[in-house]
Amino acid sequence: MFLTAKFYYEVSALKINENYLKLEKNYLFIRIAQKVKAFQTTHPEKKIIRMGIGDVTQPLAPIVVDAMKKAADELAVKETFRGYEDSGAGYDFLRQAVSEYYKSFGADVPASDIRINDGAKSDCGNLVDIFDDSNIILITDPAYPVYVDSNLMNGRQIVYADSNEENGFAAMPDPDGYDLNGKKIFPDIIYLCSPNNPTGAVYTKEQLAIWIAYAKQHHAIILYDAAYEAFIRDENIPRSIYLLDGAKETAIELCSLSKTAGFTGVRCGYTVVPAELKTIASDGTEVSLAQLWNRREGSKFNGVSYPVQRAAEAVFTPEGQKQVRKSILYYQENARVIAETLTELHVPFTGGINSPYIWFKCPFEMDSWTFFDKMLNEIAVVGTPGAGFGKNGVNWFRLTAFGDQEETREAMHRFRSLF
Ligand code: PLP
């Protein structure tokens, strides 16, 4: 029996979270996939080169695969079998390894501040659970869409800091505050991402120090996404916000093995909530954010699988670092080829040096969807229109360096023919 919508409405007391209805209907990558599929159907002879979605193409490092296999074998034997992990925060061996990794580039992050997760995306979305929905969120525009979506889902109000050509796509805080419904406000939660997806831009130590001072002044917290830290080559660019004074009292950091070690399909990342990070509850008591977060995770998350954590541990061994560096160098060479082509063609761009993303201004004064169509139809190369990341991306375009080297060279050869 079918219920008409009207009848169902009259008998049902069920209410959905209507904030979901406010989300962008046609998610960026679905629209791209539809366009690519239509093109492939009408041009079956054309070889499409995909430089759009930020997935990696190089296989896992051998040491990682060995560690995963060995851990699977342990699970097959009664004496070494493991079930639930006690805390769900990650095994000590991995939290310790991550802490040592931080130490290798000068950041002091104790294992006790680190929680292991199934990738940074989950925590990007879940962390907001420990904050009230009345908080005002500041997100740089353009941005990784998860920040916007996960806050819209809870009905939070968002203000945007413009990242644009003038500031090199590295937005800085507005000392006068941000406009919200005709009033000037200061944000409570600030999302920063460096190296940035989609723009590839990075914050210097001096710029991050300004953000930290701003957050402190306005009692805000920074959610710092460092998912691409392994791509930073310039020694003056911080790989962690904790390389800066005062960050532990102000910032939560999210990190991932997805791009560092090819874990997009394996799923493992880590979040740092420092013990120093405290706030005051409405009854005046001091509250540790790490305790709140651990409480949330204790109720809703049972940890990452043992073989995956052993695989992640292998990434942080000296041999593991040597092996994953090979893939990173491979992608960095792609980024160099793309950047070289754009430089030759006098196309303005950011990224590509400390980042696997290259963000360029659409040539021929086109908007990003028109340029997307031109690239697809004329040279069969797929990128990502900047419009999908926010209003400041309307005339910009993202290419990723995660592809095959030969294909990247071929794509750039085709790209030149557009001019
Ligand atoms: N943060 C940024 C900026 C990203 O671009 C991504 C993935 O593309 C993630 C976080 C999430 O990565 P994962 O969930 O694979 O760890």
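Since we're looking at a predicted model, the values are computed, not measured.

Visitor: Even after reading the chapter, I still don't get helix α2 (residues 28–42), so can you show me in this structure?
Guide: Residues separated by three or four positions in an α-helix point in the same direction, a consequence of the helix having 3.6 residues per turn. Look at α2: 22 Å from first C-alpha to last across 15 residues, which is about the 21 Å you get at 1.5 Å a residue. Contacts made by the buried residues of α2 are with β1 (49–50), α12 (368–379), β15 (381–382), β16 (384–385) and β17 (396–400).

Visitor: How should the site of the ligand be read in this particular structure?
Guide: For the ligand, the set of nearby residues contains 14 residues, the closest of which are Ala120, Asp225, Tyr228, Ser256 and Ser258. One of the side-chain nitrogen or oxygen atoms of Tyr228 is found 2.6 Å away from an oxygen atom of the ligand. For the shell around the ligand, the secondary structure elements donating two or more residues are α5 (120–126) and α8 (258–261). The class makeup of the residues in the shell around the ligand is six nonpolar, four polar and four charged.

Visitor: What is the right way to read helix α13 (residues 405–416) from this model?
Guide: Taking 1.5 Å of rise per residue, twelve residues should cover 16 Å, and α13 covers 17 Å from first to last C-alpha, within 8% of that figure. Along α13, the residues that are buried comprise Gln405, Thr408, Ala411, Met412, Arg414 and Phe415. Elements in contact with the buried residues of α13: β1, α11 (318–344), β14 (357–361), α12, β15 and β17. The opening residue of α13, the one whose side-chain oxygen lies 3.0 Å from the backbone nitrogen of Glu406, is Asp404.

Visitor: Where do I start with the sheet that holds strand β13 (residues 349–351) in this structure?
Guide: Across a sheet, strands are paired by hydrogen bonds formed along the backbone, either parallel or antiparallel in direction. Pairing within the open sheet is antiparallel, and its four strands lie in the order β13-β14-β17-β16. Every interior strand has two partners, whereas the edge strands, β13 and β16, have only one. Sheet topology note: the β14/β17 ladder contains five bridges and is antiparallel. By the bridge assignment for β17, Phe360 is matched with Phe397. The sheet contacts of α11 involve β13, β14 and β17, and relative to β14 the element is tilted by about 15 degrees.

Visitor: Explain the nonpolar core here, please?
Guide: The tendency in soluble globular proteins is for nonpolar side chains to be buried as a group. Residues Ile190, Trp211, Ile222, Ile241, Phe263 and Tyr270 are the most contacted members of the largest nonpolar core, which totals 68 residues. Tallying contributions element by element places helix α4 (residues 92–104) first for this core, with six residues. A domain split of this core shows at least three residues from each of domain 1 (24–59 + 320–417) and domain 2 (62–317). Counting residues in each nonpolar core, the second largest holds 38 residues, with Val347, Trp369, Phe372 and Phe415 among its members.

Visitor: Help me out: how do you make sense of the state of the cysteines in this one?
Guide: Covalent bonding between the sulfur atoms of two cysteines defines a disulfide. In total, this model carries zero disulfides according to the counting rule given. The closest cysteine sulfur to the non-disulfide-bonded Cys268 is located on Cys255, 11 Å from its own sulfur. Among the residues examined, Cys268 registers a relative accessible area of 1% and is labelled buried.

Visitor: Honestly, the sheet that holds strand β4 (residues 157–162) in this entry has me stumped. Any pointers?
Guide: Spatially, the seven strands line up as an open sheet ordered β2-β10-β9-β8-β7-β3-β4, and their pairing is mixed. The sheet terminates laterally at β2 (114–117) and β4, the two strands that pair on one side only. For this sheet, the mean angle separating the axes of adjacent strands, direction not counted, is 20 degrees. Pairing of strand β7 (residues 189–193) with strand β8 (residues 221–225), which is carried by five bridges, proceeds in the parallel orientation. Note on β8: the bridge partner recorded for Leu192 is Tyr224.

Visitor: Quick question: what am I supposed to make of the domain arrangement of the chain here?
Guide: Size of an interface: often given as the accessible area lost when the parts come together. Split into domains, the chain comes out as domain 1 (24–59 + 320–417) and domain 2 (62–317). Once you take the C-alpha centre of each, domain 1 and domain 2 turn out to be 26 Å apart. Across the boundary between the two partners, domain 1 contributes 31 residues, which contact 38 residues of domain 2. Between domain 1 and domain 2 lies a buried interface of about 2900 Å² when both sides are counted; carbon and sulfur atoms form 54% of it. Contact with domain 2 buries area across many residues of domain 1, yet Asn354, Phe389 and Asn392 alone supply 22% of it, more than any other trio. The interface formed by domain 1 and domain 2 includes two salt bridges. Here Lys391 and Asp162 are joined by a salt bridge, their closest N and O atoms 2.8 Å apart. For the pair domain 1 and domain 2, the number of links is 19 residue pairs in polar contact (both at pLDDT 80 or more). The leading source of residues in the side of domain 1 that touches domain 2 is α11, at eight residues. Residues of the side of domain 1 that touches domain 2, tallied by class, amount to 13 nonpolar, 13 polar and five charged.

Parameters and conventions
Residues numbered from 1 in each chain as written. Predicted model: local features only at pLDDT ≥ 70, side-chain atom pairs only at ≥ 80, totals over all residues. Heavy atoms only, no water. Helix = DSSP H or I, 4+ residues; strand = E, 2+ residues; numbered from the N terminus. Expected span 1.5 Å × (residues − 1). Contact = heavy atoms within 4.5 Å. Near = heavy atom within 4 Å. Polar contact = N/O pair within 3.5 Å; in protein donor to acceptor, adjacent residues only side chain to side chain. Nonpolar A, V, L, I, M, F, W, Y, C, P; charged D, E, K, R; others polar. Buried < 20%, exposed > 50% of the residue type's maximum accessible area, 1.4 Å probe, protein only. Pairing = 2+ DSSP bridges. Axes fitted to C-alpha atoms, helices over the stretch in contact; angles between N-to-C directions. Core = buried A, V, L, I, M, F, W, Y, C linked by side-chain atoms within 4.5 Å. Domains from an automatic or database assignment. Disulfide = S-S within 2.5 Å. Buried area = accessible area lost by both parts, 1.4 Å probe. Salt bridge = Lys/Arg side-chain N within 4 Å of Asp/Glu carboxyl O.

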